[in-house]
Amino acid sequence: MVHLSSDHVFYAFEPGLEPAITIKQGEELTLETMDCFGNQLKTADDSLDALDWDRINPATGPVFIEGVKAGDIVRIKLLKVEPTGHCTMACIPGEGAIKAIDETETVILENTGDKVVLSTSRGDIKIDTLPMIGVIGVAPQEGSVATGTPGAHGGNMDCTMIGQGATLYFRAGVDGALFGCGDLHAVMGDGEVSVCGAETPGIVTIVADVVEAGDLPTPFVEDEQLVAAIASASTIDQATHDAIDAMFAFLTKVVGLDTNETANLMSLVGFLKYCQVVDPEVTVRFEFPQQVLKELGFKGIGK
Ligand code: CA
Ligand code: ZN
């Protein structure tokens, strides 16, 4: 097993990044990640005003995956997603989707392992943890995308399905893919409406390889229950239509259904969900049940 510490972080997914490590396909890699604040907020007294905003949303990497060619579909299996230490939240006027916030506040949440504890004026609320990765992706073919922004390459998608046991698919923009991830949440609701989840440092264990998956739309994610097409755009309207189109493309081109039966199935058993509505681009996903794919005789992506 190889390991990459959080001494190796970057702040924009771009083709020219210098790899921090090279791994073989099928080789397990553990990545130590910082929280989205660059681990700068240790206590409730640590003011957001003192934050170094150049250190926000660090992604650990970049990881060069041997044998990956630009255009390949890279499969990332998330073997483990483990928060380490306390969680942090921040209320920031003007950020997020709740316009009433008019006071800046740093809130520290205890993480007991299976619960995070939010103190409120009515007592402590214990919330079941469901760890997930906010920022995860590969370098785009060209240009530079800040790690705080999601897109076709992945990035800050803040999708609650991206947790332990999930498998992600990205189309490599460059040879080696230049993978990175960070911004773990011990738990987060769909939408991320306040602008953050239970932000936490952590350890992520992945295994990566190339998969022959033809016209699979990316980014794409699956777990035991669901597959989902993920789309990010500047408006919720656009991201919604892109996510619908991407799932339609998966069901027609990869699974092999015709147009109207796909439309009917998507309308009957699909779940259209917001990942987040608060980042520079918003992210929407269209979920579809694995059970129905199985009944359709679909053997699985790349099989
Ligand atoms: Ca995030
Ligand atoms: Zn986050």
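Residues numbered from 1 in each chain as written. Chains lettered and ligands numbered in written order. Predicted model: local features only at pLDDT ≥ 70, side-chain atom pairs only at ≥ 80, totals over all residues. Heavy atoms only, no water.

Further remarks concern helix 1 (residues 236–254). Here helix 1 is 19 residues long and its end C-alpha atoms lie 26 Å apart, about the 27 Å a rise of 1.5 Å per residue gives. Those residues of helix 1 not exposed but buried are A239, T240, A243, A246, M247, A249, F250, L251 and T252. Buried residues belonging to helix 1 abut strand 20 (220–222), strand 21 (226–233), helix 2 (259–269), strand 22 (271–276), strand 23 (282–289) and helix 3 (290–295). Two residues or fewer past helix 1, G256 is found with a positive phi of approximately 95°. (Helix = DSSP H or I, 4+ residues; strand = E, 2+ residues; numbered from the N terminus. Expected span 1.5 Å × (residues − 1). Buried < 20%, exposed > 50% of the residue type's maximum accessible area, 1.4 Å probe, protein only. Contact = heavy atoms within 4.5 Å.)

Once that is clear, we can look at the packing of helix 1 against helix 2. The geometry of helix 1 relative to helix 2 is characterised by a closest axis approach of 10 Å and an angle of 125° between their N-to-C directions. Here helix 1 is positioned oblique relative to helix 2, judged by the angle of their axes. In this structure, helix 1 crosses over helix 2, and the sense of that crossing is right-handed. Of the residues in helix 2, those touching helix 1 at I244, M247, F248, L251 and T252 are T259, T262 and M266. Taken together, the residues of the contact of helix 1 with helix 2 sort by class into five nonpolar, three polar and no charged. (Axes fitted to C-alpha atoms, helices over the stretch in contact; angles between N-to-C directions. Parallel < 35°, antiparallel > 145°, perpendicular 65-115°, else oblique. Left-handed = near helix turned anticlockwise from the far one by under 90°. Nonpolar A, V, L, I, M, F, W, Y, C, P; charged D, E, K, R; others polar.)

To continue, consider the nonpolar core. Ranked by size, the top nonpolar core spans 35 residues in total, and within it I65, I76, L78, I136, I162 and F179 carry the most contacts. When residues in this core are grouped by element, the largest group, four residues, is from strand 7 (residues 73–83). The residues contacting I65, other than those within four sequence positions of it, are I23, Q25, V74, I76, G176, A177, F179 and A208. (Core = buried A, V, L, I, M, F, W, Y, C linked by side-chain atoms within 4.5 Å.)

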